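Residues per chain, in single letters:
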Amino acid sequence: MTMTLTTALRATAVILILTCVYQFFFFNQLPVKTIVVAHILFILSFFSDQHTRRIAIICIGLSIVVPIGVWRMMNTGEVTLDFVIANLVIFIYIAYVAYQSLKNT
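Section: the nonpolar core
So, point 1. With 27 residues, the main nonpolar core has L5, L9, L16, L41, V79 and F91 as its most contacted residues.
So, point 2. Excluding residues that lie within four positions of it along the chain, L16 makes contacts with T34, V37, A38, L41, N87, I90 and F91.

Side note on helix 3 (residues 52–75)
So, point 1. Over its 24 residues, helix 3 extends 35 Å from the first C-alpha to the last, a length consistent with the 34 Å expected when each residue adds 1.5 Å.
So, point 2. Where helix 3 is concerned, the buried positions are T52, I55, A56, C59, L62, S63, V66, P67, V70, M73 and M74.
So, point 3. Where helix 3 is buried, its residues touch helix 1 (5–27), helix 2 (32–47) and helix 4 (81–104).
So, point 4. Residue G77 follows helix 3 closely and has a positive phi angle near 90°.

What about the packing of aromatic side chains?
So, point 1. Applying the stated criterion across every chain yields a total of four aromatic pairs.
So, point 2. On the basis of an interplanar angle of 80° and a centroid distance of 6.0 Å, the ring pair of Y22 and F27 is categorised as edge-to-face.
So, point 3. For Y22, a relative accessible area of 36% gives the class partly exposed.
So, point 4. On the basis of relative accessible area, F27 is assigned to the partly exposed category, the value being 35%.
So, point 5. One cation-aromatic arrangement involves R10 over F42; the distance from NZ or CZ to the ring centre is 5.9 Å.

A closer look at a nonpolar patch on the surface
So, point 1. On the surface, F24, L30, V32, V36 and I40 cluster together to form a nonpolar patch covering roughly 450 Å² of accessible area.
So, point 2. Take V36: it is sitting in helix 2.

Overview of the side chain of N87
So, point 1. Among the structural elements, N87 can be located in helix 4.
So, point 2. Residue class for N87 comes out buried when judged on its relative accessible area of 1%.
So, point 3. The residues contacting N87, other than those within four sequence positions of it, are L16, T34 and V70.

Thoughts on the side chain of T34
So, point 1. Within the secondary structure, T34 is located in helix 2.
So, point 2. Sequence-distant contacts of T34, that is, excluding residues within four places in its chain, are made with L16, C20, V70, M73, F83 and N87.

Here we look at the state of the cysteines
So, point 1. Evaluated as defined, the whole model comprises zero disulfides.
So, point 2. Sulfur of C20: no disulfide; nearest cysteine sulfur belongs to C59 and is 17 Å away.
So, point 3. Exposure remark for C20: the relative accessible area of 2% places this residue in the buried category.

Procedures and definitions
Residues numbered from 1 in each chain as written. Predicted model: local features only at pLDDT ≥ 70, side-chain atom pairs only at ≥ 80, totals over all residues. Heavy atoms only, no water. Core = buried A, V, L, I, M, F, W, Y, C linked by side-chain atoms within 4.5 Å. Buried < 20%, exposed > 50% of the residue type's maximum accessible area, 1.4 Å probe, protein only. Contact = heavy atoms within 4.5 Å. Helix = DSSP H or I, 4+ residues; strand = E, 2+ residues; numbered from the N terminus. Expected span 1.5 Å × (residues − 1). Phe/Tyr/Trp six-rings, centres within 6.5 Å; stacked < 30°, edge-to-face > 60°. Lys NZ or Arg CZ within 6 Å of the ring centre and 35° of its normal. Patch = residues over 30% accessible without salt bridge, like charges linked within 9 Å, V, L, I, M, F, W, Y side chains within 5 Å. Areas by Shrake-Rupley, 256 points an atom, 1.4 Å probe, with all protein chains shown as cover. Salt bridge = Lys/Arg side-chain N within 4 Å of Asp/Glu carboxyl O. Disulfide = S-S within 2.5 Å.

The structure is reproduced here in structure tokens:
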């Protein structure tokens, strides 16, 4: 059994902020784009109960676009490889939960 889309969005927003804190604390790099994405996910979680299908499709789109952007950030030296892997795992999970919520509605 998976989490609801609302809970998953809020949890991943917090995890993304924590990965940004880790990146800043240990490597003195602040990935602002990822902080913005975390805030977008948290805002989307407010509307995910009423507009489940729309928010799920937006989350699947973000799950495709954001890891590509994080990979490009790594290529320019803004973030490290462990940050990219953490983001990839987070957004694979978001895509899975979004797909499950689309399948159930």
